[in-house]
Protein chains: 2
Amino acid sequence: MHIGELARRTGASTRSLRYYEQRGLLCARRDPNGYRSYDAESVETVARIRELLATGLNTDTIRALLPCAQGGPGLTPCAFSSGVVEQQMAQLDAEIAQLRERRAALGAYAEIMRERRVQDRALAAMALRSA
Amino acid sequence: MHIGELARRTGASTRSLRYYEQRGLLCARRDPNGYRSYDAESVETVARIRELLATGLNTDTIRALLPCAQGGPGLTPCAFSSGVVEQQMAQLDAEIAQLRERRAALGAYAEIMRERRVQDRALAAMALRSA
DNA sequence: TTGCAGCCTGACACCGGTGTGAAGGTCAAG
DNA sequence: CTTGACCTTCACACCGGTGTCAGGCTGCAA
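Computed from a prediction, not measured in an experiment: that's the story for all the values here.

Chemist: Looking at this structure, how should I read the protein's contact with DNA strand C?
Modeler: Close to DNA strand C lie 20 residues, the nearest being Tyr-19 of chain A together with Gly-4, Arg-18, Tyr-35 and Arg-36 of chain B. For DNA strand C, the backbone portion of the atoms within 4 Å of the protein, that is sugar and phosphate, comes to 68%. Within the contact set of DNA strand C, a phosphate oxygen lies 2.9 Å away from a backbone nitrogen or oxygen of Thr-59 of chain A. Secondary structure elements with two or more residues in the surface near DNA strand C: helix 2 (14–22) and helix 3 (41–54) of chain A together with helix 1 (3–10) and helix 2 (14–22) of chain B. In terms of residues, the surface near DNA strand C owes the most to one element, helix 2 of chain A, which gives four residues.

Chemist: It is not clear to me how the protein's contact with DNA strand D should be interpreted in this structure. Could you clarify?
Modeler: The local shell around DNA strand D holds 20 residues, among which Gly-4, Arg-18 and Arg-36 of chain A together with Ser-13 and Tyr-19 of chain B are the closest. The sugar-phosphate share of atoms of DNA strand D within 4 Å of the protein amounts to 72%. A distance of 3.0 Å separates a phosphate oxygen of DNA strand D from a polar side-chain atom of Arg-30 of chain A. One of the side-chain N or O atoms of Ser-13 of chain B is found 2.6 Å from a phosphate oxygen in DNA strand D. Among the elements of the structure, helix 1 (3–10) and helix 2 of chain A together with helix 2 and helix 3 (41–54) of chain B are those that each provide at least two residues to the surface near DNA strand D. By residue number, the principal contributor to the surface near DNA strand D is helix 2 of chain B, which donates four residues.

Chemist: I would appreciate a short explanation of the nonpolar core in the present structure.
Modeler: Note on soluble globular proteins: their nonpolar side chains tend to be buried together. The biggest cluster of nonpolar side chains holds 54 residues, and the ones touching the most others in it are Leu-17 and Leu-26 of chain A together with Leu-17 and Leu-26 of chain B. Ignoring sequence-local partners within four residues, the contact set of Leu-26 of chain B consists of Leu-6, Leu-17, Tyr-20, Glu-21, Tyr-38, Ser-42, Thr-45, Val-46 and Ile-49 of chain B.

Chemist: Looking at this structure, I do not really get the side chain of Gln-88 of chain B. What am I missing?
Modeler: The residue Gln-88 of chain B is located in helix 5 (residues 79–130) in this model. Those residues within four positions of Gln-88 of chain B in sequence are excluded, and the remaining contacts are Leu-106 of chain A together with Thr-55, Gly-56 and Leu-57 of chain B.

Chemist: How do you make sense of the packing of helix 1 of chain A against helix 3 of chain A when you look at a structure like this?
Modeler: Between two packed helices, both the angle of their axes relative to each other and the distance between the axes serve to describe the pair. Residue and element names in this part refer to chain A. In the contact formed by helix 1 and helix 3, the axes pass within 10 Å of each other and the chain directions differ by 55°. In terms of orientation, helix 1 and helix 3 fall into the oblique class. Crossing angle aside, the handedness with which helix 1 passes helix 3 is right-handed. Counted together, Leu-6, Arg-9 and Thr-10 of helix 1 and Ser-42, Val-43, Val-46 and Arg-50 of helix 3 form the full contact between these two elements. Looking at side-chain class alone, the contact of helix 1 with helix 3 contains three nonpolar, two polar and two charged residues.

Chemist: Mind showing me how you'd approach the pattern of salt bridges here?
Modeler: Think of it this way: side chains of opposite charge can pair up when their charged atoms draw near. Summed over the entire model, instances satisfying the criterion amount to 14 salt bridges over all chains. Across the salt bridge formed by Glu-44 of chain A and Arg-48 of chain A, the nearest N and O atoms sit 3.1 Å from each other. With Glu-44 of chain A and Arg-48 of chain A both in helix 3, this residue pair falls four residues apart, about one helical turn. Overall, Glu-44 of chain A belongs to the partly exposed group, its relative accessible area being 37%. Exposure remark for Arg-48 of chain A: the relative accessible area of 9% places this residue in the buried category. Between Arg-23 of chain B and Asp-60 of chain B there is a salt bridge; the shortest N-O distance is 2.9 Å. Placement of the pair is Arg-23 of chain B in the loop between helix 2 and strand 1 (29–30) and Asp-60 of chain B in helix 4 (residues 59–69), with a sequence separation of 37 residues. Accessibility expressed as a relative area gives 24% for Arg-23 of chain B, which makes it partly exposed. Among the residues examined, Asp-60 of chain B registers a relative accessible area of 41% and is labelled partly exposed. Here the salt bridges share partners, and the residues they tie into one network are Glu-21, Arg-30 and Arg-36 of chain A.

Chemist: Is there a simple way to explain the environment of Pro-67 of chain A in this structure?
Modeler: Following the sequence through the fold, Pro-67 of chain A ends up in helix 4 (residues 59–69). Residues Pro-67 of chain A and Leu-25 of chain A, 42 residues apart in the sequence, show an inter-C-alpha distance of 9.2 Å.

Chemist: Explain the packing of helix 2 of chain A against helix 3 of chain A here, please?
Modeler: Residues and elements named next belong to chain A. Remark: helix 2 packs on helix 3, axes separated minimally by 12 Å, with the N-to-C direction vectors making an angle of 90°. The orientation of helix 2 with respect to helix 3, classified from their angle, is roughly perpendicular. In this structure, helix 2 uses Ser-16, Leu-17 and Tyr-20 to contact helix 3, whose residues at the interface are Val-46, Ile-49, Arg-50 and Leu-53. Split by residue class, the contact of helix 2 with helix 3 holds five nonpolar, one polar and one charged.

Conventions adopted
- Residues numbered from 1 in each chain as written.
- Chains lettered and ligands numbered in written order.
- Predicted model: local features only at pLDDT ≥ 70, side-chain atom pairs only at ≥ 80, totals over all residues.
- Heavy atoms only, no water.
- Near = heavy atom within 4 Å.
- Polar contact = N/O pair within 3.5 Å; in protein donor to acceptor, adjacent residues only side chain to side chain.
- Helix = DSSP H or I, 4+ residues; strand = E, 2+ residues; numbered from the N terminus.
- Core = buried A, V, L, I, M, F, W, Y, C linked by side-chain atoms within 4.5 Å.
- Buried < 20%, exposed > 50% of the residue type's maximum accessible area, 1.4 Å probe, protein only.
- Contact = heavy atoms within 4.5 Å.
- Axes fitted to C-alpha atoms, helices over the stretch in contact; angles between N-to-C directions.
- Parallel < 35°, antiparallel > 145°, perpendicular 65-115°, else oblique.
- Left-handed = near helix turned anticlockwise from the far one by under 90°.
- Nonpolar A, V, L, I, M, F, W, Y, C, P; charged D, E, K, R; others polar.
- Salt bridge = Lys/Arg side-chain N within 4 Å of Asp/Glu carboxyl O.

This is the structure in structure tokens:
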């Protein structure tokens with residue numbers, strides 16, 4: 001299977017597939033003409049790479065994780081990889097907390113603006129009455 | 001006040017202050033020698049810019065928001081700016097939801113790995129016993 | 001006059017996955 | 001042989017606030 005077909009089967013662009021190879025996530029044999037040649041398992045591997053990318057892991061982390069996560073639905077586990085995953089989960093928790101803080105800070109701004117608007121309306125009404 | 005002193009007073013780097021100016025968030029008069037010259041209000045303005053940056057707003061949004069948010073502790077509100085803020089809050093909500101999804105997906109991976117590990121241990125124990 | 005601190009502009013680097021384009025080789029079908 | 005699809009590598013662009021460096025001007029003090 002050449003790169004175009006793998007792209008079609010996985011939904012990844014050829015650009016992405018070459019990038020995965022460059023980052024050491026995916027390997028390909030080469031035909032005598034230099035074309036990349038993939039076996040059927042590669043479809044599975046790419047699917048797994050993209051799952052992990054979608055969770056926010058970067059390619060470095062996935063490279064460490066992939067030897068354990070490969071092998072289709074039966075993940076071969078190792079203590080190291082689960083540590084990586086749990087570390088990433090902790091980081092996601094931290095990011096979520098940070099976003100919540102930002103949201104709260106913005107909420108305070110919105111609240112202040114709402115109050116000001118009410119006060120302004122009241123002031124405007126008073127001005128009208130006194131005029 | 002020159003840029004160095006403003007930097008000292010606000011905690012922003014001179015690089016950042018020049019960047020804020022370049023993005024239209026902060027304006028400075030120029031001394032005859034070309035040096036930027038700031039008035040006392042700029043300290044307040046920079047503080048406000050950095051508050052908003054810290055909430056995750058980008059400089060484009062802040063530029064739209066700043067004319068309303070300026071003026072010290074009394075924010076001058078306008079319907080437009082509150083719309084911007086609420087839009088940003090909605091986006092933060094969406095990002096939080098997305099991070100939660102990622103976390104859940106990773107959690108599923110971690111769970112699979114934990115189960116496999118238990119099974120592996122059981123298999124190893126059986127192998128030991130039969131040997 | 002020398003030295004140093006402070007200012008100026010302009011530009012590259014970062015991160016990280018992907019889009020895009022150039023310039024060129026390969027191969028099968030007409 | 002030509003056409004067109006498909007492949008190769010190399011490289012720039014994106015986002016966005018900031019660090020940092022280069023090369024040069026200003027201004028104050030010794």
